[in-house]
Amino acid sequence: MILSHQHVDEIRRIAAGHAPAAGTPDSLIHRSWHRCVNTHGLDPAQSFGPRVESPTRLRESRERIEEYLQVARGGMEQLFKRVSDLGYVLLLTDADGVTVDYIGNDSWGKDAQRAGLYLGANWKEEIAGTNGIGTCIYEQAALTCHRDDHFYTGNVGLSCNTAPLFHPDGKLMGVLDVSALAMPNARESQHLALHLTTLYGQMIEDANFVRHFRDHWILRLATSWALVDVLGDMMLAFDSDGVLAGASTGARKWLSGLALQGGDDAPIEGRHLTDVFRCSMDDIWRLARSSNVMDRALLSAFDHQSYFGSVVAPRMRSAASSAAGPRDVTDAAPALAPASPALERLAGDDKQMRALQDQARRLANKRINILIQGETGTGKEVFAKALHESSTRHDKPFVAVNCASIPESLIESELFGYTAGTFTGARSRGMKGLIVQAHGGTLFLDEIGDMPLHLQTRLLRVLSEHEVLPLGADRPIRVELTVIAASHRDLRQLIAAGSFREDLYYRLCGATLPLPALRDRRDLGYLIELILREEAEHLDTRAYIADEALELLERYEWPGNVRQLRNVLRFGLALSDGEGIYPEHLPPEVTAPPVLLLLPPASGAVPAVSVAQSPPARAMTRPPEAERLLAALQEHRWNITAVAAQAGQNRTTIYRQMKRFGIVSPTQLPPEGERS
Ligand SMILES: Nc1ncnc2c1ncn2[C@@H]1O[C@H](COP(=O)(O)OP(=O)(O)OP(=O)(O)O)[C@@H](O)[C@H]1O
């Protein structure tokens, strides 16, 4: 041990900016000495006595962080069992360095108390100079402050190992300290104690994280598959839409380090899990259900490292829903998202559409890119627009781009823009690209599957770096936008065929909304009424449709979906001249009789009534569902309402099934002699 005046001289030398003498402690301690003299105005030659806060101040501190204290106490008791025989005491402080909890050994309690290792002692660096706790608060990193590292000579008998404890929001909660008096001089004597302090510090933080996010889903990640269920290196809390609500300290460091490398300093909260990993939410839910750890690998979207994941369900879920897995997340989600008129009007009483509307309401204000899939004409653009209008971005631009309809040679300049002088002739003045035009709002990329591969690469960069580089420009433009992409094609098939980038797919499908085909919707009546009213208003005519015409619409399969429905109604209104739509006002594809299958007579009194127009080989097959339907129709004497009631379905469904199986009611058959 060095003499006290040598200690003081060394601190003054370092504080004055001189190089340390050989064998002196690390620069973290030097930084603190420098701070103590030059910033806090402390003098190392002064004597030091611990400052102990009043019982009232201590009580107030403890009350403020009650939950943290409870969690930390559990970890401290475990840790104390491991270090008490070695002569250590444990301290827990708040973020201001005040000791709010203490576990020590009664036999040397008095000495520890005198040294300031006790409840209420304030170890802030501004007061106590360089010390384990105060310096840890400054450095926000685990450290050892061993003997002569301390600023005041009165403290050089102490050896302190500390770890900062962070709240799930990333702010410092306090410090865990493992301290002892009269340890051997060799710094190495503290290695194990520091290691244990760091380990238990992480366990306390993780326990606090799990408790804080007990109503969220938690994804635990580890680089070792064997440990993922017991000891995650990192944890991410997310809601049932996959939006991140918090990250444990390990995950926060990992994510912010990686994001900063990419120049992105946006907060972690609000990002989507599928931005972090190259996977879809379906993969995350699958991972939650899988019991085989080897199936639980996730590939990071940033550093392309593999992690093993396990998912912990929120506390509020019932046992039954947990067992069913997280597929039915809408059941687990808290309350229904508030209604939004733009989304509301898109559907009537159709279960699939209702679920999509609810999901869309929840997603509207989250920073998530969305992929809408559905057959042509199902209303993908209409849905995207409604989503935008329901969001807080509704007063910002909604820019729609149809990747299939812009010539390939123009897509790049249309999307990314170009500077003046890049082109000659009419385009010489430069143009703000559509991506930049959508800044702050929503960019709708329709038929994304048709985007050429080289532009997919550029789009990927826009999405990950939030920057656009117009053609001919040397500096990128910063853009913030939400992308809604749509496709009627299966993008996974395009990926398999090599014509769509997998990484772009994962960037785009933060959530996938599959729009049902019109033939699978149960709200055709609602849509007819809505569209009829809109079209009639447009044509300034009467919105009326006769029952016979309505029945034909209900029986039609709608290969062109809602777009075709709108066209048919517009056509009907135009032809009907304000007299109401009757069958003769409908286009032939809707009124033409279906292609019929020959169904051999069923065993029963009523003869089979189908007519053959198709090849004999197909005609002879009669699927069991057709058998059952025909039997029900015969039983109810072709009363469609009665058959629908018995089957628990609506009349439209029965009509569709009849059409599919080529079953025609005797009342609709042409007279015997006219059949072909
Ligand atoms: N829910 C709805 N209510 C009223 N009209 C709708 C609805 N959905 C779609 N439509 C109408 O259908 C037509 C097609 O809609 P939209 O362009 O959104 O379909 P899409 O799926 O994007 O088609 P495509 O795949 O061909 O791009 C539009 O005229 C729109 O007005």
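Reference entry: report on the structure contained in this document. What you see is a predicted model; the values in this text were computed from it and never measured. Residue indices follow the written sequence of each chain, beginning from 1 at its first position. It should be noted that, the model being predicted, local features are given only for residues of pLDDT at least 70 and side-chain atom pairs only at 80 or more, the latter also being counted only at that level, while totals for whole chains, interfaces and linings use all residues.

### Focus on the sheet that holds strand β5 (residues 143-146)
Link 1 in the chain: Think of it this way: DSSP has to see at least two bridges between two strands before they count as a pair. Helix numbering and strand numbering both begin at the N terminus, where a helix is a DSSP run of H or I of at least 4 residues and a strand a DSSP run of E of at least 2. The five strands lie next to each other as β3-β2-β7-β6-β5, forming an open sheet whose pairing is antiparallel. Both edges of this open sheet fall to β3 (99-103) and β5, since each of them pairs with a single strand only. Within the sheet, the average angular offset between the axes of one strand and its neighbour, ignoring direction, is 20 degrees.
Link 2 in the chain: Pairing between strand β2 (residues 89-94) and β3: four bridges, direction antiparallel. Across the sheet, L92 pairs through a bridge with D101, a residue of β3.
Link 3 in the chain: Note on contacts: residues are paired as contacts if their backbone-placed C-beta atoms lie within 7 Å. Lines fitted to C-alpha atoms define the axes, with helix axes restricted to the stretch in contact, and inter-axis angles between N-to-C directions lie between 0 and 180 degrees. The sheet strands contacting helix α4 (residues 66-83) are β2, β3 and β7 (172-181), and the helix crosses β3 at an angle near 35 degrees.

### Here's the deal with the nonpolar core
Link 1 in the chain: L236, I372, I435, L443 and I484 are the most contacted members of the largest nonpolar core, which totals 79 residues.
Link 2 in the chain: For each domain, the first and last residues come from an automatic or database assignment. Inspection of this core shows a minimum of three residues originating in each of domain 2 (213-332) and domain 3 (341-516).
Link 3 in the chain: Setting aside anything within four residues of it in sequence, one finds I435 in contact with L415, F416, L443, V462, V468 and V479.
Link 4 in the chain: The term nonpolar core refers to a set of buried Ala, Val, Leu, Ile, Met, Phe, Trp, Tyr and Cys residues connected through C-beta atoms within 7 Å. Neighbour density around each residue's C-beta defines its exposure: 20 or more other C-beta atoms within 10 Å make it buried, 12 or fewer make it exposed, and counts between make it partly exposed, where C-beta atoms are placed from the backbone. Residues M76, A112, L158 and Y200 belong to the second largest nonpolar core, which totals 48 residues.

### So, the environment of N208
Link 1 in the chain: Relative to the helices and strands, N208 resides in helix α8 (residues 191-212).
Link 2 in the chain: For the pair N208 and E67, spaced 141 residues apart in sequence, the C-alpha separation works out to 8.2 Å.
Link 3 in the chain: With near-sequence residues (within four places) excluded, N208 lies in contact with Y68 and V71.

### Structural notes on helix α27 (residues 624-635)
Link 1 in the chain: By definition here, a helix of n residues has an expected span of 1.5 Å times n minus one. Over its 12 residues, α27 runs 16 Å from end to end, which matches the ideal 16 Å to within 8%, given 1.5 Å per residue.
Link 2 in the chain: Taken together, the buried positions of α27 are occupied by A626, L630 and L633. Down the axis of α27, the buried side of the element spans an arc of 60 degrees, and every buried residue falls inside it. Away from the buried face of α27 by more than 90 degrees, exposed residues P624, E625 and R628 are located.
Link 3 in the chain: Next to the buried residues of α27 lie α28 (640-647) and α29 (651-661). In this context, the arc is that of the directions from the helix axis out to the C-beta atoms.

### Some words on the environment of M234
Link 1 in the chain: Counting through the fold element by element, M234 comes out in strand β9 (residues 234-238).
Link 2 in the chain: Overall, the presence of 21 C-beta atoms within 10 Å leaves M234 in the buried class.
Link 3 in the chain: Separated by 13 residues in sequence, M234 and A247 place their C-alpha atoms 7.7 Å apart.
Link 4 in the chain: Not counting the four nearest positions on each side in its chain, M234 is found in contact with L221, S248, G250, A251 and W254.

### Structural notes on the site of the ligand
Link 1 in the chain: Whether a residue is near a molecule or strand depends on its C-beta atom, generated from backbone atoms, being within 6 Å of that molecule or strand. Around the ligand, the surrounding shell holds 18 residues, and the nearest of these are G379, K380, E381, V562 and R563.
Link 2 in the chain: Breaking the shell around the ligand down by element, the ones donating at least two residues are α16 (380-389), α22 (524-539) and α24 (561-576).
Link 3 in the chain: Among the residues forming the shell around the ligand, the class breakdown is seven nonpolar, six polar and five charged.
Link 4 in the chain: The residue makeup of the shell around the ligand includes at least three contributed by each of domain 3 (341-516) and domain 4 (520-591). Residues are grouped as follows: Ala, Val, Leu, Ile, Met, Phe, Trp, Tyr, Cys and Pro are nonpolar; Asp, Glu, Lys and Arg are charged; all remaining types, including Gly, are polar.

### Some words on helix α1 (residues 4-15)
Link 1 in the chain: Spanning 12 residues, α1 covers 17 Å between terminal C-alpha atoms, matching the ideal 16 Å at 1.5 Å per step.
Link 2 in the chain: Here α1 has its buried residues at H7, E10, I11 and I14. One side of α1 holds all its buried residues, which, seen down the axis, span an arc of 100 degrees.
Link 3 in the chain: Where α1 is buried, its residues touch α2 (27-38).

### Side note on unusual backbone geometry
Link 1 in the chain: Located in the positive-phi region is R147, a residue other than glycine, with phi close to 45 degrees.
Link 2 in the chain: With respect to the secondary-structure elements, R147 resides in the loop between β5 and β6 (158-166).
Link 3 in the chain: On the basis of neighbour count, R147 is assigned to the buried category, with 24 C-beta atoms found within 10 Å.
Link 4 in the chain: Phi is positive for E447, close to 50 degrees, though the residue is something other than glycine.
Link 5 in the chain: When the 19 C-beta atoms within 10 Å are taken as the criterion, E447 is described as partly exposed.

### Notes on the packing of α28 against α29
Link 1 in the chain: Contact pair α28 / α29: the axes reach a minimum separation of 8 Å and the direction vectors enclose 105 degrees. Judged on the interaxial angle alone, α29 and α28 are roughly perpendicular. On α29, the residues that touch I640, T641, V643 and A644 of α28 are R651, T653, I654 and Y655. Any angle that falls under 35 degrees is termed roughly parallel, while one over 145 is termed roughly antiparallel, one within 65 to 115 roughly perpendicular, and all others oblique.

### What to know about the sheet that holds strand β17 (residues 442-446)
Link 1 in the chain: The five strands are arranged β14-β17-β20-β13-β21 in an open sheet whose pairing can be described as parallel. Edge positions in the sheet fall to β14 (398-402) and β21 (511-514), since each of these pairs with one other strand and no more. Across the sheet, the axes of successive neighbouring strands diverge by a mean angle of 20 degrees, strand direction being ignored.
Link 2 in the chain: Of the strand pairs in this sheet, strand β13 (residues 370-373) and strand β20 (residues 482-487) are connected by four bridges, and their pairing is parallel. Bridged to I370 within β20 is I484.

### Describing the environment of I284
Link 1 in the chain: Tracing the chain through its elements places I284 in helix α11 (residues 281-289).
Link 2 in the chain: Residue I284 is classed as buried on the basis of its 20 C-beta neighbours within 10 Å.
Link 3 in the chain: A C-alpha to C-alpha distance of 9.0 Å links I284 and S310, two positions 26 residues apart in sequence.
Link 4 in the chain: With near-sequence residues (within four places) excluded, I284 lies in contact with G242, L273, C279 and V311.

By themselves these figures say nothing about function.
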